[in-house]
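# Per-entry structural report
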Amino acid sequence: MSKVVKFGGSSLASAEQFKKVGNIIRADKERKYVVPSAPGKRFKEDTKVTDMLYDCYRLAEEGKDFHEDLKAIRERYDEIIEGLGLKLDLGAEFDVIAKNFQEKAGSNYAASRGEYLNGIVMAKYLGYEFIDAATVIFFDEEGNFDADKTNGILSERLSKCKNAVVPGFYGAMPDGSVKTFSRGGSDVTGSIVAKAVKADVYENWTDVSGFLIADPRIIKNPESIETITYRELRELSYMGATVLHEDAIFPVRQEGIPINIRNTNAPEDSGTWIVGSTCQKSKYVITGIAGKKGFCAINIEKDMMNSEIGFGRKVLQAFEENEISFEHVPSGIDTMTVFVHQDEFMHKEQKVVAGIHRLANPDSIDIEADLALIAVVGRGMKSARGTAGRIFSALAHSKINVKMIDQGSSELNIIIGVANADFEDAIKAIYDIFVMTKL
Ligand code: ASP
């Protein structure tokens, strides 16, 4: 049995946090492979080391003196090293970094040093082997992650290690230069390592006790989700719920490795299990609620639209020509509505409207702005009767006008459109009816 454990920046922000991490790893000898992020924020107004590195490198690129800023970064690590009582001097590492900054090694290289250095500290602290991610994680010429090459080399390398630390967030291009994933990319590294060692579980340690049923900024102390499928997670993430980097799902999903989201500050909590499929019923009919504001609805009317073949295609062509992707297209007999992101659509709106007129010749076009979309997601909805009814009676009760309803054919989600101004109240009403009343 082996477990891959990834720790986020807040779990590694200080020596105190490192000690919690050490206790977690030592509590289970199956926790053999560790993927650390760079030190994150120690308190709300603090700056993440990754952001400090980006800022510091910007100075180097502008030809300004960056040494003071680099010193502040070194202090972050030295504070951790001292707090842990380690015999470790990062002086030589910082000399190399300073030289490379001077020679403009690139912002990817700069940002990656946060994880690289933290990996060295972590390996020293645990007595594990350190493996530079640039020697085992690869990108192709186009800068896309090279899964095959990586998996071959990484699994071979790790098969020789009993325990190892592989820093998150970066790898190497074919020419050897460093490239990072997008922000939050250590999650992706953790997943890649889990796949390479065919881990039994990928534990992703963060500062919340799992994936929450709803956004805690809207719902006070929402419950966390015990088990969620990859597909449900994808629906919720797409609608704005964030815990895990989106690309972290693919490597482990292929191998059927579950992800367990855990809380470094409350290791006794079992967290959330993200799995391929499960016979475990979710506690409530719904698994989670997420949503986003800032959509626009373009309502198109034309008499006898229903009998005009190709009308929908012509309307959507106007969006395609302007490179606007649509979210939902509910339709009636003589009406069709296209939901789009307002910020993408705004500066192209008249072009799109003109395009629809030219291509589809409708009777009228009407635009409604400032709408929000809410996704109510749950594998349990398929077998539960009356879910939609309950959602709408809850919304009606809260005097919320529903602008749009769209149930996906998978019966995994129901999307509801409301005015931006009703967004929070709508989520509260839905949470209340399913979770608070425990129906
Ligand atoms: N340190 C990087 C970031 O702040 C990557 C990560 O933490 O996953 O985005």
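This text gives an overview of the structure that appears in the document. (Residues numbered from 1 in each chain as written. Predicted model: local features only at pLDDT ≥ 70, side-chain atom pairs only at ≥ 80, totals over all residues. Heavy atoms only, no water.)

### Here we look at the packing of aromatic side chains
In plain terms, the rule: Aromatic pairing here means that ring centres of Phe, Tyr or Trp (its six-membered ring) are within 6.5 Å. Orientation follows from the plane angle: under 30 degrees is stacked, over 60 is edge-to-face, and everything else is tilted. The criterion for a charge sitting over a ring is simple: Lys NZ or Arg CZ within 6 Å of the ring centre, and within 35 degrees of the ring normal.
Evaluated as defined, the whole model comprises 11 aromatic pairs. The rings of Tyr57, Phe66, Phe101 and Tyr109 are connected pair by pair, giving a single aromatic cluster. One Lys or Arg, Lys149, reaches over the ring of Phe138 and ends 4.3 Å from the middle of that ring. The cationic tip of Lys292 hangs over the ring face of Tyr238; the distance from NZ or CZ to the ring centre is 5.3 Å.

### Re the sheet that holds strand E4 (residues 164-165)
How we decide: By definition, two strands form a pair when at least two bridges between them are found by DSSP. Under the scheme used here, helices are H or I runs from DSSP no shorter than 4 residues and strands are E runs no shorter than 2 residues, and both carry numbers assigned from the N terminus. Here, two residues are considered to be in contact whenever any of their heavy atoms come within 4.5 Å of each other. Whenever a helix is involved, its axis is fitted only over the stretch in contact; in every case the axis is a line through C-alpha atoms, and angles between N-to-C directions fall within 0 to 180 degrees.
Taking strand neighbours across the sheet as the criterion, the eight strands line up as E3-E4-E2-E1-E7-E9-E10-E8 in an open arrangement whose pairing is mixed. Strands with a single pairing partner mark the edges of an open sheet, and in this sheet they are strand E3 (129-130) and strand E8 (227-229). Looking at chain direction, E3 and E4 are connected through two bridges and run parallel. Residue pairing across strands places Phe130 opposite Val165, the latter belonging to E4. Of the strands in this sheet, strand E1 (3-7), strand E2 (31-36) and strand E7 (201-206) are in contact with helix H1 (residues 15-26), which crosses E1 at around 170°. Strands in contact with helix H8 (residues 230-238) are E8, strand E9 (259-263) and strand E10 (272-275); relative to E8, the strand with the most contacts, it is inclined by about 85°.

### Re the environment of Lys41
Filter applied, for reference: Remark: exposure states derive from per-residue accessible area (1.4 Å probe, protein chains only) relative to the maximum for the residue type, with buried under 20%, exposed over 50%, and partly exposed in between.
Here Lys41 shows up in the loop between E2 and helix H2 (49-61). Overall, Lys41 belongs to the partly exposed group, its relative accessible area being 42%. With 233 residues separating them along the chain, Lys41 and Ile274 place their C-alpha atoms 26 Å apart. Beyond its immediate sequence surroundings of up to four residues, Lys41 is in contact with Ser10, Ala13, Asp46, Thr47 and Lys48.

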